[in-house]
Amino acid sequence: MQRLPYAREAIYRIRPYRPGKPLEEVEREYGIRDAVKMASNENPLGPSPAAVAAIQEHAGKMALYPEDTCFYLKRDLAASLGVPEEWLLLGNGSDEVLHCAALAFLSEGDEVVTGDPTFVMYETNAHLCGAVPVAVPLKDHKHDLSAMLAEVTDRTKLFVICNPNNPTGSIVSRSEVDEALRSLPSHVMVVLDEAYYEYAESPHYPQSIDYVREGRNVLVMRTFSKIHALAGLRIGYGIARPDIIQALQQVRPPFNVNSLAQVAARASLADPEQVRRGQAVNGEGKRLLYAAFDRMGLSYVPTEANFIFVDTRRDSKQVFEGLLRRGVVVRTGDVFGTPTYIRVTIGTPEQNQRFAQALEEVLKG
Ligand code: PMP
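Summarised in this report is the structure supplied together with it.

## What about the overall build of the chain?
Here comes step 1: The number of helices and strands found in the chain is 13 helices and 13 strands.
Here comes step 2: With the C-alpha coordinates aligned to their principal axes, the bounding extent of the chain is approximately 55 × 50 × 50 Å.
Here comes step 3: For the chain, the proportion of its 365 residues judged to be buried stands at 53%.
Here comes step 4: Sequence separation of 24 or more characterises 74% of the internal contacts of the chain that already satisfy a separation of 6 or more.
Here comes step 5: Across the chain, the 40 positively charged side chains and the 46 negatively charged ones have centroids separated by 3 Å.

## Side note on the packing of aromatic side chains
Aromatic ring pairs: the centre-centre distance and the angle between the two ring planes describe each pair.
Here comes step 1: Counted according to the given criterion, the structure contains eleven aromatic pairs.
Here comes step 2: An angle of 80 degrees between the planes, with centres 5.0 Å apart, marks the rings of Tyr196 and Phe307 as edge-to-face. Note that Tyr196 is positioned in the loop between β6 (189–193) and α8 (209–213) and Phe307 in strand β10 (residues 307–311), a separation of 111 residues in sequence. Each member of the pair, Tyr196 as well as Phe307, carries the same accessibility label: buried.
Here comes step 3: For the ring pair Phe293 and Tyr300, a centre distance of 5.7 Å and an interplane angle of 40 degrees mean the geometry is tilted.
Here comes step 4: Looking at Phe293, the relative accessible area reads 0%, which means it is buried.

## With respect to the site of the ligand
Here comes step 1: In the neighbourhood of the ligand, 14 residues make up the surrounding shell, with Ser94, Asp193, Tyr196, Thr223 and Ser225 lying closest.
Here comes step 2: Take Ser94: an N or O atom from its main chain is 2.7 Å from an oxygen atom of the ligand.
Here comes step 3: Within the contact set of the ligand, an oxygen atom lies 2.7 Å away from a side-chain nitrogen or oxygen of Arg234.
Here comes step 4: Within the complex, 93% of the 400 Å² of free accessible area of the ligand lies under protein.

## As for the layout of surface pockets
Here comes step 1: The computed volume of the largest pocket comes to approximately 1,000 Å³.
Here comes step 2: Surrounding the largest pocket, 41 residues form its lining, Tyr17, Phe119, Val120, Asn166 and Arg331 being those nearest its centre.
Here comes step 3: The calculated volume of the second largest pocket comes to roughly 370 Å³.
Here comes step 4: Pro19, Gly20, Phe320, Val330 and Thr332 are, among the 18 residues lining the second largest pocket, the residues nearest its centre.
Here comes step 5: Contributing elements (two or more residues each) for the lining of the second largest pocket: α1 (23–30), α12 (316–325) and β12 (331–332).

## Considering the pattern of salt bridges
Here comes step 1: Counting across every chain of the model gives 22 salt bridges.
Here comes step 2: The partner of Arg213 in a salt bridge is Asp210, with the nearest N and O atoms 3.1 Å apart. Note that Arg213 and Asp210 are positioned in helix α8 at a spacing of three residues, about one turn of the helix.
Here comes step 3: Taking the relative accessible area as the measure of exposure, Arg213 reaches 45% and is therefore partly exposed.
Here comes step 4: Here Asp334 makes a salt bridge to Lys317, at a shortest N to O gap of 3.6 Å. A residue pair is termed long-range when its members are at least 10 positions apart, and Asp334 in the loop between β12 and β13 (341–345) and Lys317 in helix α12 qualify at 17 residues.
Here comes step 5: On the basis of relative accessible area, Asp334 is assigned to the partly exposed category, the value being 25%.
Here comes step 6: Given the relative accessible area of 47%, Lys317 is considered partly exposed.
Here comes step 7: Bridged by salt links that share partners, the residues Asp110, Arg155 and Lys157 form one connected network.

## Let's talk about the environment of Leu4
Here comes step 1: Structurally, Leu4 is set in the segment before α1.
Here comes step 2: Given a relative accessible area of 40%, Leu4 falls into the partly exposed group.

## Observations concerning the nonpolar core
Here comes step 1: Counting residues in hydrophobic clusters, the biggest one holds 45 residues, and the most contacted among them are Phe159 and Ile239.
Here comes step 2: It is helix α10 (residues 259–269) that contributes the most residues to this core, six residues altogether.
Here comes step 3: Not counting residues within four places of it along the chain, the set of residues in contact with Phe159 comprises Val113, Leu145, Met148, Leu149, Val152, Leu184, Val188, Met189, Val190 and Val191.
Here comes step 4: If you look at the next biggest cluster of nonpolar residues, it comprises 24 residues, including Leu106, Met121, Val160 and Leu248.

## Section: the sheet that holds β12
Here comes step 1: Pairing within the open sheet is antiparallel, and its four strands lie in the order β9-β10-β13-β12. Strands with a single pairing partner mark the edges of an open sheet, and in this sheet they are β9 (300–301) and β12.
Here comes step 2: By the bridge criterion, five bridges tie β10 to β13 in an arrangement that is antiparallel. Counted as the bridge partner of Ile308 is Val344 from β13.
Here comes step 3: Of the strands in this sheet, β9, β10 and β13 are in contact with helix α11 (residues 272–296), which crosses β10 at around 5 degrees.

Cut-offs used in this document
Residues numbered from 1 in each chain as written. Predicted model: local features only at pLDDT ≥ 70, side-chain atom pairs only at ≥ 80, totals over all residues. Heavy atoms only, no water. Helix = DSSP H or I, 4+ residues; strand = E, 2+ residues; numbered from the N terminus. Buried < 20%, exposed > 50% of the residue type's maximum accessible area, 1.4 Å probe, protein only. Contact = heavy atoms within 4.5 Å. Lys, Arg positive; Asp, Glu negative; His and termini not counted. Charge placed at Lys NZ, Arg CZ, Asp CG, Glu CD. Phe/Tyr/Trp six-rings, centres within 6.5 Å; stacked < 30°, edge-to-face > 60°. Near = heavy atom within 4 Å. Polar contact = N/O pair within 3.5 Å; in protein donor to acceptor, adjacent residues only side chain to side chain. Areas by Shrake-Rupley, 256 points an atom, 1.4 Å probe, with all protein chains shown as cover. 1 Å grid on protein atoms, 1.4 Å probe; cavity = no way out; pocket = protein on both sides within 12 Å on 5 of 7 lines; lining within 4 Å. Points joined across faces, edges and corners; volume = space filled by probe spheres on them. Salt bridge = Lys/Arg side-chain N within 4 Å of Asp/Glu carboxyl O. Core = buried A, V, L, I, M, F, W, Y, C linked by side-chain atoms within 4.5 Å. Pairing = 2+ DSSP bridges. Axes fitted to C-alpha atoms, helices over the stretch in contact; angles between N-to-C directions.

Structural data, given as C-alpha cells:
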C-alpha cells in the first residue's frame, strides 16, 4: 500500500477485511448458475416475513432521518431481554458497537487481549486507535482463558471473548468466564461478543446478562445479522451497565441505525418463529454435516454456532477453488492461520447436501 505523508502510521498495521466476491461475479466467472454462499455465516432461511413487510411499509418514509436513539426498538428489545433500556446501545451492526468501545476506551499503547484465531475486527479496532492487539493462541480450538489472563498488564483495556468463537464455533463455559471475571483487575473491560448467541446449544453456555446485572465490567455484543437474517441492514447492539453505555454514547455517530433496520428488527423480535426456525434448521444441518465429515474421515470442531471449522488435510485454497467450480462458496482457513481448514456456514438441507457432495468430489479428485 502506498504510504501517505499525512496518514496515521497505525492505519498501515490494519489487515484489510477480505469479503468474498459477489455471488453474481462468481457465477459469471465460473459459468455456473445457482451458486450458494456458505461463507459469511448468514441465515439461509432469510428474514422474518414480518420484517420484510415492515421494510416495505416504511420504504416511502426515507426522506426523514431515522429515530436517533432507536426509541421504539430499544423499548421492545429491553422488554424482550428483561433489562432496562439504559443498558442498551444500538449500532450499525455490532461492528459499530465494538468500534464505539474502541474509540471510547483505547488510547495509544493500550492493549487488547484476544484469542487467535478469532474475529478480525478486534485487532483492526485496536490498530485504529493505536492500541496493541495481543493475540493468544487457542487451545484445542477454544479460547485459552488462563493464557489470556497471563497476558493482562497495566496497559490492558479490553479482554475480548468471542463466544461462540468465529471461526471455530467453540464456546467458553459459564464457570470459565466466572473465573476470568474474578481474576481480572478493575481497569480491564471484558467484551463478550455473542453474535451467534441464539445458536449455542450447550447447557454450559453463560447467560451473560447476569454479569451485567452483577455490575461487572462487561460489554455483551449481539446482532440482528445472524439468526434474525438482517445482515444487509446492519444492526446490532451492546448490553452493559448504564455508565458503560453512556461512555459509548459519547462516541456514537448521530442517526447511526437506519430506519429500515429499526422497523425490521422490531418486527423480527415480535416473530417468535424467526429464532426457532433458525435454530431448528441449524441443529439439523449441523448433524447432517457432522455425519458427512465422519463419512469422509475429516475432523471438525463441534460447533455452537451456525458454521463449522473442518480440516480438509490439504491446501484449503485448492479445496475452495474446487468447491467454487461446483457453485459452493466457503471460507479458506489461511486467513485464520490454519491453511488446511475451511469454515462452512450451515445452510438449508439442500445446500448442506450440495456442499457435502461437492466436497466429497473435490477430495476424491
Ligand atoms: N462478531 C462476530 C464474531 C462476527 O462473526 C460478526 C460478523 N461476521 C460480527 C461480530 C459482526 O456482526 P454485525 O453484522 O452485527 O456487525
